[in-house]
Amino acid sequence: MAALAGRFRGFLPVVVDVETAGFDPDRNALLEVAAIIIGGEVGQLRPVAAHHFHVQPFAGAVLDPAALAFTGIDPFQPLRGAISEEETLRGIFRPVRTAVKAAQCRRAILVGHNASFDLSFIKAAEKRTGVKNNPFHLFSTFDTVSLAGLAYGETVLAKAVMAAGLDWDHTQAHSALYDARQTAELFCRIVNRYDLNREYP
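Residues numbered from 1 in each chain as written. Predicted model: local features only at pLDDT ≥ 70, side-chain atom pairs only at ≥ 80, totals over all residues. Heavy atoms only, no water.

## A closer look at unusual backbone geometry
Test applied: Only runs of H or I of at least four residues qualify as helices and only runs of E of at least two qualify as strands under DSSP, and these elements are numbered from the N terminus.
The residue R9 is not glycine, and still its phi comes out positive at about 55 degrees. Tracing the sequence through the fold places R9 in the segment before β1 (11-20). We note that N114 has phi near 65 degrees; this positive angle belongs to a residue other than glycine. Along the chain, the position of N114 falls in the loop between β4 (107-112) and α3 (115-129).

Listed below in structure tokens is the structure:
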């Protein structure tokens, strides 16, 4: 089996899912983030670590009632255990940088279902907080919408997951951690199936 570092030109896949209070990363609050680090060898990729945080809305953030109804998140529920955007980014960036180094990769690449949306909220929070050393590629991503469309003819996450032979629990959907875990399983299933019929140096 080939090392993961050689599979994606030195990029380490990390699945990220965000839950938000709207579609505008500069105006709407980031409310929840999960990151699943992918490990293993080529043909045997698997999720190896999960990091998950509830996030306090930044000062002046717009909270779209429709978005909150969709996710079911109450941003001001004290039992959420929410932390600041700065603490959240440090809590994500630090273990990802460690994983990149351990895998002998040169950078992480964000994997997501509609990945540009997730990356846009991470970058907006980074800009607001001034947190440095973002381990993710600044604009490149792996999007499981496209991968699942190619592999299974499905673009909706729930349908793609089930088409891949994985379980989907509608009661847990729209939790960042659950969606990230299922996206990670989907990504690994697609890439591993492809790699079993190919060889990489």
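## Overview of the state of the cysteines
Put plainly, two cysteines are in a disulfide when a covalent bond ties their sulfur atoms together. Worth spelling out the cut-off: Cysteine sulfur atoms are paired as a disulfide whenever they come within 2.5 Å of each other.
Here the structure, examined in full by the defined rule, presents 0 disulfides. Free of any disulfide, C105 has its nearest neighbouring cysteine sulfur in C188, separated by 14 Å.

## Quick word on the UniProt feature "binding site: Mg(2+) 2" (unreviewed entry) in the protein
To be explicit about the condition: UniProt positions are given in the numbering used here, feature names are shortened, and annotations may be inferred rather than shown by experiment. Relative accessible area decides the class of each residue, using a 1.4 Å probe on protein chains only: under 20% of the type maximum gives buried, over 50% gives exposed, and in between gives partly exposed. Contacts are assigned to residue pairs with any non-hydrogen atoms lying within 4.5 Å of each other.
With numbering matched to this structure, UniProt assigns "binding site: Mg(2+) 2" (unreviewed entry) to D17, E19, H174 and D179. Look at the named residues: they lie 163 residues apart in sequence, but the longest C-alpha span between them is just 9.8 Å, so in the fold they bunch up. D17 sits in the buried class, given a relative accessible area of 10%. In this structure, D17 is in contact with E32, V33, A34, D118, S175, A176, D179 and A180, ignoring residues within four places of it in sequence. Inspection of the secondary structure puts H174 in the loop between α5 (157-163) and α6 (176-195). Judged by its relative accessible area of 29%, H174 is partly exposed.

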